[in-house]
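In case you want the letters, here they are:
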Amino acid sequence: MAEKRDYYEVLGVSKTATADEIKKAYRSLVKKYHPDVSTEPKDVAEAKFKEISEAYEVLSDPEKRSLYDQYGHAGVDGSFGAGVGGFGGFGRGSRPNAPRQGDSLRYDLEIDMLDVLNGKEVPITVKHTVSCPDCNGTGGKGGKTQQCPACNGQGQRQEMRRTMFGNTISVSECPRCNGSGKIPVDTCTRCNGRGRINKDSKVAINIPKGIEDGMRIRVGGAGDAGYNGGPAGDLYVVVHVKEHRNFERDGADLWMKCDVSYPKLVLGGSITISTIEGKSVEINIAPGTQVDSVLKVPGQGLPEMRHTTRGNLYVRLGVVIPKKTTAEEKELLMKLDANAGKKTTSKKKGLFK
Ligand SMILES: [Zn+2]
Ligand SMILES: [Zn+2]
């Protein structure tokens, strides 16, 4: 069971942060995770947004902040009450033996730029836990259970604690039955009473065309087994797009470099480039084209996500400088340089006029 994260950690500020710093951190996180604007999957954004709001509510209130600094979450939990559990998911603490969703898992998947172009179905193997089929997730042989004697089937343990507000009762999960209120009559031998077993499952991941590096694909229910009969967690596949030898990516656009001879830049002509699909495309170079000019090949970029359109391919022109020259070439180049030199000088004179 995941512990509640530290509020300072949630907002990414230090324990000594000023009210202003806290407000700033909160605002920038809201921009990123508000469910209406976030690029994260909806349920992740919602959970994150809830966590951020809760942290801000406490840390922005000097009184609550000081209680939190002294007593941690226990000092301020009362201020949220049922509201926290009501935000979807299952409330923790109030009903420990209630069904609870299993943990979510992360899987890092590397794909090629061509997979971004064409989309792909990638089979992966997920190492996760599933409900033990022998005992139906109960941990008891044949699925037979009895009431937990440690908590009389309540699933929780109550403890008195002394705080500055007087005695408070803290409720925690019964360690004997893990909050389920039931223990097996005989331990299931397949799962050793855990109620869950490790399993390698094959899952087919659908890579949509145009996916961006770092995007996550959610596979509902492919995470770890749930608790007390709750649903399984989700699997988040984080997609990493490998760099391409010839192309650099900018969203749906692609960029490439192409070196052209000096005479071609001066006199104009055409070059043939190869697109990401390996298609040859002839592009024209106008006379007097400068080094570093960018030519556009429309529609030869990557697909735009959730659209049928494609980005463009941009070709940045460089110049080929030969390392060796023949005597004839040398003579021509020197003649050229003599002429070019005159032009440069006259231009400079103009500049300093
Ligand atoms: Zn079992
Ligand atoms: Zn118990």
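Engineer: Describe the coordination of the zinc ion (ligand 2), naming the residues involved and giving the relevant values.
Structural biologist: Cys-148 (SG), Cys-151 (SG), Cys-174 (SG) and Cys-177 (SG) make up the full set of protein donors to the zinc ion (ligand 2), lying at 2.2 to 2.3 Å. Each of the four donor atoms around the zinc ion (ligand 2) contributes to a set of angles spanning 102 to 117 degrees, which defines the coordination as tetrahedral. Mapping the donors of the zinc ion (ligand 2) onto the primary sequence gives the spacing C-x2-C-x22-C-x2-C. Each member of the pair Cys-174 and Cys-177 is classed as buried.

Engineer: Now, about a nonpolar patch on the surface: what can you tell me, with residues and values included?
Structural biologist: A grouping of Tyr-262, Val-266, Leu-267, Leu-333 and Leu-336 is seen on the molecular surface, where their side chains present a nonpolar patch of about 470 Å² in accessible area. Counting residues per element, the ones that place at least two in the nonpolar patch are α8 (262-267) and α9 (327-351). A total of three residues in the nonpolar patch trace back to one element, the largest contributor, which is α8. Residue placement: Leu-336 occurs in helix α9.

Engineer: Explain the sheet that holds strand β1 (residues 105-111) to me, and be specific about the residues and the numbers.
Structural biologist: Taken in spatial order, the three strands make up an open sheet running β1-β9-β8, and their pairing is mixed. In this open sheet, the two edge strands, each paired with only one partner strand, are β1 and β8 (216-219). Each strand of the sheet is rotated relative to its neighbour by a mean of 25 degrees, with strand direction disregarded. The pairing of β8 with strand β9 (residues 235-241) spans four bridges and is antiparallel. Its bridge partner being in β9, Arg-216 is matched across the sheet by Val-238.

Engineer: Quick one: what's the story with the coordination of the zinc ion (ligand 1), residue by residue and with numbers?
Structural biologist: At 2.2 to 2.3 Å from the zinc ion (ligand 1) lie its protein donor atoms, namely Cys-132 (SG), Cys-135 (SG), Cys-188 (SG) and Cys-191 (SG). Around the zinc ion (ligand 1) sit four donor atoms, and with donor-metal-donor angles ranging over 103 to 115 degrees the site reads as tetrahedral. On the basis of relative accessibility, which here comes to 1%, the residue Cys-135 falls in the buried class.

Reading the values: rules and limits
- Residues numbered from 1 in each chain as written.
- Chains lettered and ligands numbered in written order.
- Predicted model: local features only at pLDDT ≥ 70, side-chain atom pairs only at ≥ 80, totals over all residues.
- Heavy atoms only, no water.
- Donors = N, O, S within 2.8 Å, 3.2 Å for Na, K, Ca; no water.
- Tetrahedral: all angles 85-135°; square planar, octahedral: opposite > 155°, others 65-115°.
- Buried < 20%, exposed > 50% of the residue type's maximum accessible area, 1.4 Å probe, protein only.
- Patch = residues over 30% accessible without salt bridge, like charges linked within 9 Å, V, L, I, M, F, W, Y side chains within 5 Å.
- Areas by Shrake-Rupley, 256 points an atom, 1.4 Å probe, with all protein chains shown as cover.
- Salt bridge = Lys/Arg side-chain N within 4 Å of Asp/Glu carboxyl O.
- Helix = DSSP H or I, 4+ residues; strand = E, 2+ residues; numbered from the N terminus.
- Pairing = 2+ DSSP bridges.
- Axes fitted to C-alpha atoms, helices over the stretch in contact; angles between N-to-C directions.

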